[in-house]
Amino acid sequence: MPNTTDMTTQERAAGAGERFLRGYAIAARLGVPLLCACVAAIPWVDGGVRSPVMATMPMLLLLVGWMLGRRAMAGVGIFFIAEVCFYWFVDSGGWRSFEMPLRAPQGWAAAWLAVIFLGGFVAWFLVGNRAAGFVEQAQRQQPQAHANLSIADNERIFRNVTDNVPGMLAYWDADLRCRFANKAFFDWFGKTREEMAGIALPAMLGPVLYAVSEPYVQAVLRGQRQVFERTVTKFSGGIGHLQVNYMPDFDDLHRVIGFFTYVADVTVQKQSEEAQRIAATAFESHEAMMITDANEVILQVNRAFTQATGYTAQDAVGQTPRILKSGRHDAQFYEAMWRSIAATGTWEGEIWDRRKNGELYPNWLHITAVKGAGGVVTHYVGAQFDITSRKAAEAEITQLAYVDALTGLPNRRIMLDRLRLALAASTRSGHTGALMFVDLDNFKSLNDSHGHDKGDLLLQQVAERLSVCVREIDTVTRFGGDEFVVMLERLSADAGEARAQAAGVGAKILAALGEPYDLDGLAHCSTPSIGIALFRDRKYDINQILKQADVAMYRAKAAGRNTMRFFDDDA
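Numbering of residues starts from 1 in each chain and follows the order in which that chain's sequence is written. Per-residue local features are limited, in this predicted model, to residues with pLDDT of at least 70; the limit for side-chain atom pairs, both in listing and counting, is 80 or more; totals at the level of whole chains, interfaces and linings are taken over all residues. In computing side-chain values, all of the structure's heavy atoms are included and hydrogens and water are not.

S.K.: Hey, could you run me through the sheet that holds strand S2 (residues 178-181) in this one?
M.R.: What links the strands of a sheet is backbone hydrogen bonding, and the strands pair in either a parallel or an antiparallel sense. With respect to topology, 5 strands assemble into an open sheet ordered S2-S1-S5-S4-S3, the strand pairing being antiparallel. If you trace the sheet from one side to the other, it starts and ends with S2 and strand S3 (226-233), each paired once. With strand direction ignored, the average angle separating the axes of adjacent strands in the sheet is 25°. Paired strands, as defined in this entry, are two strands with at least two bridges between them according to DSSP. Strands here are runs of E lasting at least two residues and helices are runs of H or I lasting at least four, both read from the DSSP assignment and numbered beginning at the N terminus. Pairing analysis gives 6 bridges linking strand S1 (residues 168-173) to strand S5 (residues 256-265), with the strands arranged antiparallel. Residue Ala-170 lies in a different strand from S5, and its bridge partner there is Thr-261. The sheet strands contacting helix H7 (residues 201-221) are S1, S3, strand S4 (239-250) and S5, and the helix crosses S3 at an angle near 165°. The axes used here are C-alpha line fits, helices contributing only the stretch in contact, and every angle between their N-to-C directions lies in the interval 0 to 180 degrees. It only takes one pair of heavy atoms within 4.5 Å for two residues to be counted as in contact.

As structure tokens, then:
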């Protein structure tokens, strides 16, 4: 490739040659007509026209010569010399008989004028020959200079284009020697342009990679284009995914003289495709998922969403999540949700939604804001779990932990918690509370004679009757077996009035439980024994109050059953 200085010199030489050619062309165009005019005027200046033919013939011949070229001009010049000699001979007195006396001769002026113009013509002719030779040489050199410029420009343009191609481009001859490679090729394999020049393909790829590539190389040398993908280790150490194209190069006889290699680095594309596959798989998970734009318009939902809500993709896309609104949450709930999303980019919590069929169901919802350039929110992704079954399981666990499975009443654990709270409330308010132990008389004989199923029916009906006898703020529990506990809260602050209020409830219980029972066709009568302990402050702890009520209950049994006793009756 020529350097910059050589190219500049050639450009200047070509420009000078072009300027000379233009000047010479202008001089030739002006010189020939002027010469013709002068030659045509000689017979008149010489002293008269002896013949019209003699006057016009030089000009006509010069014009013909001008059209035919410089060589014809030589013949015209010979004729011109002969004419001048003839005029000189006539003017010297010879051959007067040939003279046509139109005008008197003017002597030697015409001869000198003819010599001057003849000399100018000869000089023009000779100089023109020499200049023409120079011009022809310049014209021969000019295309070569332009060719050199064109080759240099083309090579520079080709190099710039191939170095900016988004891929690796190279050419290998039939001997598998590198004849050309672009910058991307150098960068991938970590080689310089000089190192790549003439390098053998097996040496560049290495034995392992070349062994894998050799079938494709042999195929392209047979004239078959090859396209394949390859996962390789980059010179920098990373893993790259390549799409390789081998394209054969044919000569005029359709023989393969080499092949082009175009290798596209599709690592980013492969990673993107893999990420999309993972995202698509994750999106079609068991979670109901929804994607909206920044204006909360639904763009996409998955199959789990359709199964959970009843809304198909056609139903949901273009709508907003408000189609799921249950009406169980107020405006403050949603305002707090969006404040959390704006501040942290996420929100998570329990929410009630409405299915397409109108059924309400609990959801555990997780909303994530997707942000683009500049931190601007572009999308929202919502993942929700239908927690209906979980809520049912929690309720069942609660039932087992806090509720008596047979009667549905709160169990012993609930009673102890509520008694603790009642003691604290009584201390603050000064109100009195009462704890009543209710034990069924002769319950064991029913189980022994009629079976446990009859005993269970009795316990269930006793629980129903006890619940009717108390207020909503009071608590009825089953402690176990045939033993029930009733806690009365917010009785009078006066001890006497509180005692009377507790006695009134006890009387109602005695009357209610004393009514006959229908135990699935078995008529049965049962009576209770009731022990009552009053409390008003933290003077006694929970265990002491329970023990007092239990002692009072045994006193009632000892008194003949079907009665009630207060713990302080004997005090």
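S.K.: Explain the side chain of Asp-441 here, please?
M.R.: Inspection of the secondary structure puts Asp-441 in the loop between strand S11 (432-440) and helix H14 (443-450). Relative accessible area serves as the criterion here: at 4%, Asp-441 is assigned to the buried category. Contacts described as polar in this section are N or O atom pairs within 3.5 Å, which, within protein, must combine one atom able to donate a hydrogen with one able to accept it, while residues neighboring in sequence count only if both atoms come from side chains. Among the polar contacts listed, one links the side chain of Asp-441 to the backbone nitrogen of Asn-562, at a separation of 3.1 Å. When neighbours within four sequence positions are excluded, Asp-441 is seen to be in contact with Ser-526, Thr-527, Pro-528, Ser-529, Lys-557, Arg-561 and Asn-562. Burial classes: relative accessible area under 20% of the type maximum marks a residue as buried, over 50% as exposed, and values in between as partly exposed (1.4 Å probe, protein chains only).

S.K.: Can you walk me through helix H11 (residues 331-344) in this structure?
M.R.: Each α-helix turn comprises 3.6 residues. Residues three or four places apart therefore point the same way. With 14 residues, H11 should reach 20 Å at 1.5 Å per residue; the first-to-last C-alpha distance of 20 Å fits that figure. Residues of H11 that are buried make contact with strand S8 (346-354), strand S9 (360-371) and strand S10 (377-386). At the C-terminal side of H11, Gly-345 shows a positive phi close to 85°. In a helix, the anticipated span is given by 1.5 Å times the number of residues less one.

S.K.: Would you take a moment to explain the pattern of salt bridges for this structure?
M.R.: If the charged atoms of two oppositely charged side chains come close together, the side chains can form a pair. The term salt bridge refers to a pairing of a side-chain nitrogen on Lys or Arg with a carboxyl oxygen on Asp or Glu at a separation within 4 Å. Counted by the stated rule, this structure contains 16 salt bridges. With its nearest N and O atoms 2.6 Å apart, the salt bridge here joins Lys-557 to Asp-439. Note that Lys-557 is positioned in helix H17 (residues 542-558) and Asp-439 in strand S11, a separation of 118 residues in sequence. Across this residue pair, the class does not change: Lys-557 and Asp-439 are buried. When salt bridges with common partners are traced through the structure, they connect Asp-439, Asp-441, Lys-557 and Arg-561 into a single cluster.

S.K.: Any chance you could explain the layout of surface pockets here in plain terms?
M.R.: Gaps left between atoms show up when a probe the size of a water molecule is rolled over them. Of the voids in this model, the largest pocket is the one considered here, and its volume is about 480 Å³. Residues are said to line a cavity or pocket when one of their atoms sits within 4 Å of a point; the points come from a 1 Å grid over protein atoms alone, cavities being sets where a 1.4 Å probe fits but cannot get out and pockets being open sets with protein on both sides within 12 Å along at least five of seven lines. Lining of the largest pocket is provided by 21 residues; of these, Pro-321, Arg-322, Met-337, Trp-338 and Ile-367 occupy positions nearest its centre. Secondary structure elements with two or more residues in the lining of the largest pocket: strand S6 (288-293), H11, S8, S9 and S10. For the lining of the largest pocket, the element with the highest residue contribution is S10, accounting for 5 residues. Any residue outside Ala, Val, Leu, Ile, Met, Phe, Trp, Tyr, Cys, Pro, Asp, Glu, Lys and Arg is labelled polar, Gly included; the first ten of those are nonpolar and the last four are charged. For the lining of the largest pocket, the per-class residue count stands at 14 nonpolar, 3 polar and 4 charged. Grid points are joined across faces, edges and corners, and a volume is the space filled by probe spheres set on the points.

S.K.: How should the sheet that holds strand S13 (residues 483-491) be read in this particular structure?
M.R.: An order of S12-S13-S11-S16-S17 is seen for the 5 strands of this open sheet, with the pairing classed as mixed. Looking at which strands have only one partner, the edges of the open sheet turn out to be strand S12 (475-480) and strand S17 (564-566). Strand after strand, the sheet turns through a mean of 20° between neighbouring axes, direction not considered. Across 5 bridges, S12 lies against S13 in antiparallel orientation. Across the sheet, the residue bridging to Thr-475 is Met-487, located in S13.

S.K.: How do you make sense of unusual backbone geometry when you look at a structure like this?
M.R.: Note: most peptide bonds trans; most residues except glycine with negative phi. If you check the backbone angles, Leu-176 has positive phi at about 65° while not being a glycine. In this structure Leu-176 comes out as buried when scored by relative accessible area, which is 10%. In this model, Asn-442 sits at a positive phi of 60°, which is unusual for a non-glycine residue. For Asn-442, the position within the fold is in the loop between S11 and H14.

S.K.: Help me understand the pairing of S2, please; the structure alone is not making it clear to me.
M.R.: The two faces of a sheet get side chains in turn, since along a regular strand they alternate between them. Of the strand pairs in this sheet, S1 and S2 are connected by 3 bridges, and their pairing is antiparallel. Bridge pairing in S2 links Ala-170 to Ala-181. Turn length for the S1-S2 hairpin, with the two strands adjacent in sequence and antiparallel, is 4 residues, and the turn residue Leu-176 shows positive phi of about 65°.

S.K.: Teacher, can you tell me more about the packing of aromatic side chains here?
M.R.: How two aromatic rings sit relative to each other is given by the distance of their centres and the angle of their planes. Side-chain rings of Phe, Tyr and Trp (the six-membered ring for Trp) are treated as a pair once their centres are within 6.5 Å; stacked means planes under 30 degrees apart, edge-to-face means over 60, and tilted covers the remaining angles. Using the criterion set out here, one finds 9 aromatic pairs in the structure. Aromatic side chains Phe-437 and Phe-479 sit 5.8 Å apart centroid to centroid with 70° between the ring planes, which places their arrangement in the edge-to-face category. Taken together, the positions of Phe-437 in strand S11 and Phe-479 in strand S12 put the pair 42 residues apart, joining distant regions of the chain. The rings of Tyr-216, Phe-228, Tyr-246 and Phe-259 are connected pair by pair, giving a single aromatic cluster. Over the face of the ring belonging to Tyr-361 we find Arg-355, whose NZ or CZ atom lies 4.0 Å from the ring centre. Charge over a ring is defined by NZ of Lys or CZ of Arg lying within 6 Å of the ring centre and within 35 degrees of the ring normal.

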